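Coordinate analysis (summary)
Letter by letter, the chains look like this.
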There are 2 protein chains.
Amino acid sequence: MQRAAALVRRGCCPRPPGPWGRSQSSAAAEASAVLKVRPERSRRERILTLESMNPQVKAVEYAVRGPIVLKAGEIELELQRGIKKPFTEVIRANIGDAQAMGQQPITFLRQVMALCTYPNLLDSPSFPEDAKKRARRILQACGGNSLGSYSASQGVNCIREDVAAYITRRDGGVPADPDNIYLTTGASDGISTILKILVSGGGKTRTGVMIPIPQYPLYSAVISELDAIQVNYYLDEDNCWALNVNELRRALREAKEHCDPKVLCIINPGNPTGQVQNRKCIEDVIHFAWEEKLFLLADEVYQDNVYSPDCKFQSFKKVLYEMGPEYSSNVELASFHSTSKGYMGECGYRGGYMEVINLHPEIKGQLVKLLSVRLCPPVSGQAAMDIVVNPPVPGEESFEQFSREKESVLGNLAKKAKLTEDLFNQVPGIHCNPLQGAMYAFPRIFIPAKALEAAQAHKMAPDMFYCMKLLEETGICVVPGSGFGQKEGTHHFRMTILPPVEKLKTVLQKVKDFHIKFLEKYA
Amino acid sequence: MQRAAALVRRGCCPRPPGPWGRSQSSAAAEASAVLKVRPERSRRERILTLESMNPQVKAVEYAVRGPIVLKAGEIELELQRGIKKPFTEVIRANIGDAQAMGQQPITFLRQVMALCTYPNLLDSPSFPEDAKKRARRILQACGGNSLGSYSASQGVNCIREDVAAYITRRDGGVPADPDNIYLTTGASDGISTILKILVSGGGKTRTGVMIPIPQYPLYSAVISELDAIQVNYYLDEDNCWALNVNELRRALREAKEHCDPKVLCIINPGNPTGQVQNRKCIEDVIHFAWEEKLFLLADEVYQDNVYSPDCKFQSFKKVLYEMGPEYSSNVELASFHSTSKGYMGECGYRGGYMEVINLHPEIKGQLVKLLSVRLCPPVSGQAAMDIVVNPPVPGEESFEQFSREKESVLGNLAKKAKLTEDLFNQVPGIHCNPLQGAMYAFPRIFIPAKALEAAQAHKMAPDMFYCMKLLEETGICVVPGSGFGQKEGTHHFRMTILPPVEKLKTVLQKVKDFHIKFLEKYA
């Protein structure tokens, strides 16, 4: 055993499994490559190993691209090599990546982007005038009139102005200040940047960050990287994943015994849970944050993705202002948006923004300083964000096509949300709350006792075991609930509703068949 | 005093200066905005303040976008408002941002990018076939054939293959493995990611990171963020900023008394110092890293920017392999490249790559996991990186124009490097080493005793005082040497050579006139 451990430390076989149960095939390929160029006698110990590396990074987990996704990649390679499977393709329903699932980009957005990229096209008659107008405006605000220059660290000025105007419209006139807008590399970048500034202290004064369970695992990952304390509050599954302020109180009370809770993260509409918070809930949360002196982070990247006719997105900013000056002048809030979700689904451009409210002026300076170390967010992503907040308006040439495309995407998503809920709830042993918003189902699955034993024998979380089987037998890739967090003893998975309607129907039917077979097998 | 401190804590005026001496005008605007919406009676203490924030972030400094650049922005606003100055424009020679200085993008690169952005253009006869071929290949490797999908966290497969092929060609056949290539959000992202994994320990076991002085301040900023220990080794100004391995030994020996030095960072060609390392120097460094068990980071983003006829860029990877298996199978190396520099200057796209050598397979898994938390680098930046490593070749339609554009940019830079060196060395009290590579001059400036006193009275580093005066009197924005680090008692500034030749001549003449006046004033 000692010898094996020494070999492991020296990077030789046998290796322990990687961070997500690393692919055996690639590990083997690597080992053989190593043997080719390196005479074993000259091999020395590595400086950077699992033992010597940053332990906080080692502790990071990120399920959305975890072991199940590596396995999906392996299966795809096997299919390419002609290995027979009970299916012909892997369906990646693990990640909210709309265009990868066939959703077409919004034409207007790409037209403006192409014009900005290659300004010679500004002379081309095949591009509409309103797109050219947007492109000219963006380019005029860029250094050297080019997307290839760095922007200010906080983002291009006129784009921040457009974001502020968008927020003001969205929030029925509540003013937004371009000075409070920071363009980011997707929302993830904004969230991790503000958390990085917020976290401090050691021992009992380590910063506690309250996050919903289930959560989007960016939060737990960043908390781990920063060596902060994750403070879980549980959403109420029996009540459509609603957030109950009494649960926030419980979580905070318990956390105060071992850390300094300073931040409260909210995801609305919920990821992976899809609930849309009502006015009363948002008011309760804001009052709680005010009362308990918590910095609020509102992850609102799904603000355009609301499907239930009786739900409506309301921003934390708007509610905060409408609660009066005692709140609006005191509660510190950062809210986040992105080009990746909504109806445009431009994940690859890594565009996003953060709006901060009541941030101390000195902290604003610190924030810009921190952002400037990475120079600026991708300027093409900033331009994409501009089109999202400044789309064609009635009377403009592209308005009709833009509206048609937007309504088509959102209408389809609403249809698929209902379809998914209905079909899952017809399966014995699956319960699915309404998908009020966002782009995921997070159904609860019953896992029989014998399957729990089998999972334990494989040293897997029960829902990881379930999802691995689902992937191996059907090619459908979903993420186990354990990657998002869930109440002890409950099991779930997250599946996107992004495949086209007909394909989604097939997927749901396959999950149903698999589930029934699974129940029978482990009965 | 106590009352003032309490007011400061509550976010009221008077405020202490911000991280870079925050703009008074924006602070005042903010204060008045605050008064409009917030009745003072209801104002509570902020949660996030300079006192409560992450102290490691507070300690970060980043001179390239520091106080001098904020001041430049203020002056630009004043000029716009019609306030008279002894100049009509601010010339931003503080940052290596070629296109902001009027450099035109490489046509082929932008054509491919436009085709990828808006694939309808693939039918247009106004784009060359070789650009279309590149665009089709990139799109086929993207999810849903779109730049709008997330890529794999490590980057698009075919682009990593192109990078590996490029490195192999560059290094005269030394093989590169696409599996060792990680696409990044500019080089900064790669450097900070690998440092994040490398840093660990507390107290005397805190990780020491060796960096050149003068350095590019990304390094000191990331070291501060990660709470690692910065270990300075000094480049030899009297010897054209050469790296001497005896100085590495001294720095390491002293560092070992208070930390655990694990990483050695090299910038070649140098930033801000512009030296190009010769073969012997690189071999010495590699031997030293091997001997002392240091992880090597080679920042090689200026690999295309070599101007002195007797200098040649050689990659650390190539030299490592040519030193034989004892080195090539043992020394852990990460090297970095970027779309931002070279002849293309596409800073805004935030493209880059990192190649790792001898990284432990388990660490590779950890690296992908860490990268996956931010999902992927901007796909448009990845596409830009592809064109940089896979440009038109002889026989292709675009080859001639591409070569002409590339040679024009590099030829001009070489001319400007020589011009800058020559002109600076004609000024009494300025000494400038040859600009062998990169895109900056880092001249040493003599600051008379009376000016040192004046600087002290203003609580400024002497070269900050000098550069502020230069900015205020001429509109030329350069970065004080103190932002990069320099030998105690010496003073420098960094200036880019990116303005067009005629403008650069004017800039140099203005610096000369200013310097002579400065010497007279403080004689």
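Starting afresh in each chain, residues are numbered from 1 along the sequence in its written order. The lettering of chains begins at A and the numbering of ligands begins at 1, in the order of writing. Reporting in this predicted model follows two pLDDT cut-offs: at least 70 for local features of residues, and 80 or more for side-chain atom pairs to be given and counted; totals over whole chains, interfaces and linings ignore these cut-offs and use all residues. Only hydrogens and water are removed before side-chain values are computed, so all heavy atoms of the structure are retained for them.

If you check an unreviewed UniProt entry, chain A appears there as alanine transaminase from Vicugna pacos. Per UniProt, chain A has the following entry under Pathway (unreviewed entry): "Amino-acid degradation; L-alanine degradation via transaminase pathway; pyruvate from L-alanine: step 1/1." Per UniProt, chain A carries the Catalytic activity (unreviewed entry) text "L-alanine + 2-oxoglutarate = pyruvate + L-glutamate". UniProt positions are given in the numbering used here, feature names are shortened, and annotations may be inferred rather than shown by experiment.

**Let's talk about the overall build of chain A**
Strands are runs of DSSP state E lasting at least two residues, helices are runs of H or I lasting at least four, and both sets are numbered from the N terminus onward. Along chain A, the regular secondary structure elements total 19 helices and 14 strands. Its C-alpha atoms give chain A a radius of gyration of 24 Å, within 12% of the compact-globule value 24 Å for 523 residues. The burial tally for chain A puts 64% of its 523 residues in the buried class. Residue contacts are defined here by distance: any two heavy atoms, one from each residue, within 4.5 Å place the two residues in contact. Of the contacts made within chain A by residues no fewer than 6 positions apart, 70% connect residues no fewer than 24 positions apart. Accessible surface, chain A as shown: approximately 19200 Å² in total, 52% of it carbon and sulfur. When charges are counted, Lys and Arg contribute as positive and Asp and Glu as negative, whereas His and the chain ends are disregarded. Charge placement uses NZ in Lys and CZ in Arg. For Asp and Glu, CG and CD serve respectively. In chain A, the 63 positive side-chain charges and the 58 negative ones have mean positions that sit 8 Å from each other. The quantity called the radius of gyration is restricted to C-alpha atoms. Its globule counterpart is 2.2 Å times the number of residues to the power 0.38. Type-normalised accessible area, obtained with a 1.4 Å probe on protein chains alone, sets the label of each residue: buried when under 20%, exposed when over 50%, and partly exposed for intermediate values. With residues, only the protein chains shown are counted as cover, and all accessible areas are computed by Shrake-Rupley using a 1.4 Å probe.

**Details of the domain arrangement of chain A**
All names here are of chain A. Start and end points for every domain follow an automatic or database-based domain assignment. When the domains of chain A are assigned, the result is domain 1 (2-53), domain 2 (63-101 + 409-521) and domain 3 (155-375). If you look at the interface, domain 2 gives 30 residues, while domain 3 gives 31 residues. In the sections that follow, a salt bridge refers to a side-chain nitrogen of Lys or Arg positioned within 4 Å of a carboxyl oxygen of Asp or Glu. Taken together, the connections running from domain 2 to domain 3 amount to one salt bridge. A salt bridge links Glu237 to Arg444; the nearest nitrogen and oxygen atoms lie 3.8 Å apart. Pairing of N or O atoms within 3.5 Å defines a polar contact, subject to two protein rules: one partner must be a possible hydrogen donor and the other a possible acceptor, and residues neighboring in sequence count only if both atoms are side-chain atoms. Along the contact surface separating domain 2 from domain 3 lie 16 residue pairs in polar contact (both at pLDDT 80 or more). Of all the elements in the fold, those that place two or more residues in the side of domain 2 that touches domain 3 are helix H16 (399-425) and strand S10 (440-441). Looking at which element gives the most residues to the side of domain 2 that touches domain 3, the answer is H16, with five residues. Each residue belonging to the side of domain 2 that touches domain 3 can be placed in one class, and the counts come to 17 nonpolar, nine polar and four charged. Lys, Arg, Asp and Glu make up the charged group, whereas Ala, Val, Leu, Ile, Met, Phe, Trp, Tyr, Cys and Pro make up the nonpolar group; the residues left over, Gly among them, are polar.

**Quick look at the pairing of strand S4 (residues 229-234) of chain A**
Burial along S4 of chain A is one-sided: the face carrying Ile229, Val231 and Tyr233 of chain A is buried and the face carrying Gln230, Asn232 and Tyr234 of chain A is not. Assessed by its sense of winding, the connection that carries the chain from strand S3 (residues 207-213) of chain A through helix H9 (residues 218-225) of chain A to S4 of chain A is right-handed. For crossovers, right-handed means that the path from the first strand over the helix to the second runs clockwise, given strands pointing away from the viewer.

**Some words on the packing of helix H7 (residues 157-170) of chain A against helix H15 (residues 379-389) of chain A**
Geometrically, a packed helix pair is captured by the angle between its two axes and the distance between the axes. Residue and element names in this part refer to chain A. Throughout, an axis means a line fitted to C-alpha atoms (over the contacting stretch in the case of helices), and angles, computed between N-to-C directions, take values from 0 to 180 degrees. Close contact between H7 and H15 brings their axes to 9 Å; oriented N to C, the two are set at 30°. On the basis of their axis angle, the class for H7 and H15 is roughly parallel. The handedness of the crossing between H7 and H15 is left-handed. From H7, Cys158, Ile159, Asp162, Val163, Tyr166 and Arg169 reach across to H15, where they touch Gln382, Ala383, Asp386 and Val389. Class assignment of the residues belonging to the contact of H7 with H15 gives a composition of six nonpolar, one polar and three charged. Here is the rule for angles: anything less than 35 degrees is roughly parallel, anything more than 145 is roughly antiparallel, 65 through 115 is roughly perpendicular, and the remaining ranges are oblique. Helix crossings are classified by the rotation of the near helix relative to the far one: an anticlockwise turn of less than a right angle makes the crossing left-handed, while a clockwise turn makes it right-handed.

**Examining the sheet that holds S4 of chain A**
Residue and element names in this part refer to chain A. For two strands to pair, DSSP has to find at least two bridges joining them. Across the sheet, seven strands lie side by side as S2-S8-S7-S6-S5-S3-S4; this open sheet has mixed pairing. Each having just a single partner strand, strand S2 (181-185) and S4 make up the two edges of the open sheet. Sheet twist, expressed as the mean angle between neighbouring strand axes with direction ignored, is 25°. Across four bridges, the pairing between S3 and strand S5 (residues 260-267) is parallel. Along S5, the bridge assignment pairs Thr207 with Asp260. Taken strand by strand, H7 contacts S2, strand S7 (333-338) and strand S8 (351-357), and its axis lies near 110° from that of S2.

**Some words on the environment of Asp171 of chain A**
Residue and element names in this part refer to chain A. Tracing the backbone through its elements, the reader meets Asp171 in the loop between H7 and S2. By relative accessible area, Asp171 is classed as buried at 2%. For Asp171 and Lys318, which are 147 residues apart along the polypeptide, the C-alpha to C-alpha distance reads 5.5 Å. Once you skip the residues sitting within four places of it in the chain, Asp171 turns out to touch Ser315, Lys317 and Lys318.

**Some words on the packing of aromatic side chains**
Pairing of aromatic side chains requires ring centres within 6.5 Å, counting the rings of Phe and Tyr and the six-membered ring of Trp. Pairs whose planes differ by under 30 degrees are stacked, by over 60 edge-to-face, and all others tilted. Considering all chains together, one arrives at 28 aromatic pairs over all chains under this definition. Ring geometry for Tyr466 of chain A versus Phe493 of chain A: centroids 6.1 Å apart, planes at 15°, classification stacked. Of this pair, Tyr466 of chain A sits in helix H18 (residues 462-474) while Phe493 of chain A sits in strand S14 (residues 493-496), and the two are 27 residues apart along the sequence. Note on accessibility: Tyr466 of chain A and Phe493 of chain A belong to one class, buried. Ring geometry for Phe465 of chain B versus Tyr522 of chain B: centroids 5.9 Å apart, planes at 70°, classification edge-to-face. Remark: Tyr522 of chain B occurs in the segment after helix H19 (501-521) and Phe465 of chain B occurs in helix H18 (residues 462-474); sequence separation between them is 57 residues. Comparing Phe465 of chain B with Tyr522 of chain B shows no difference in burial state: the two are buried. An aromatic cluster is defined as three or more aromatic residues linked by ring pairs; in this entry it consists of Phe424, Phe465, Tyr466, Phe493, Phe514, Phe518 and Tyr522 of chain A. Only when the NZ atom of a Lys or the CZ atom of an Arg is both within 6 Å of the ring centre and within 35 degrees of the ring normal do we say a charge sits over the ring. The ring of Tyr321 of chain A carries the charged tip of Lys317 of chain A above its face, separated from the ring centre by 5.6 Å. A cation sits over an aromatic face here: Arg494 of chain A above Tyr440 of chain A, 3.8 Å from the ring centre.

**Observations regarding the relation of the copies chain A and chain B**
Of the two same-sequence chains, chain A is brought onto chain B (RMSD 0.0 Å, axial shift 0.0 Å) by a rotation of 180°. Taken together, the rotation angle and the small translation identify this as a two-fold axis. Of every C-alpha in chain A, the one belonging to Ala114 of chain A sits nearest the axis of rotation, 2.5 Å from it. Both copies share a contact surface, since 99% of the interface residues of chain A are interface residues in chain B too. All copies are superposed by least squares; the fitting set is the C-alpha atoms of residues with a pLDDT of at least 70 in both.

**Some thoughts on the pattern of salt bridges**
Residue and element names in this part refer to chain A. Taken as a whole and assessed by the stated rule, the structure comprises 52 salt bridges over all chains. In this structure, the salt-bridge partner of Arg279 is Glu283, at a minimum N-O distance of 3.1 Å. Taken as a pair, Arg279 and Glu283 lie in helix H11 (residues 279-292) at a separation of four residues, close to a single helical turn. Of the residues examined, Arg279 reaches a relative accessible area of 25% and is grouped as partly exposed. Owing to a relative accessible area of 28%, Glu283 belongs among the partly exposed residues under this scheme. Between Lys280 and Asp284 there is a salt bridge whose closest N-O contact spans 2.8 Å.

**Section: the interface of chain A and chain B**
The accessible area lost on association of the parts is a frequent measure of interface size. Residue-level contacts link 110 residues of chain A with 109 residues of chain B. It is Ile47, Leu48 and Tyr150 of chain A that lose the most area in chain A upon contact with chain B, and together they represent 8% of the buried surface on that side. The tally of links between chain A and chain B comes to four salt bridges. Across the pair Glu225 of chain A and Arg374 of chain B runs a salt bridge, and its minimum N-O distance is 3.5 Å. Counting across the chain A and chain B interface gives 55 residue pairs in polar contact (both at pLDDT 80 or more). The buried area of a pairing is the accessible area, by a 1.4 Å probe, that goes missing from both parts when the two are put together, added over both.

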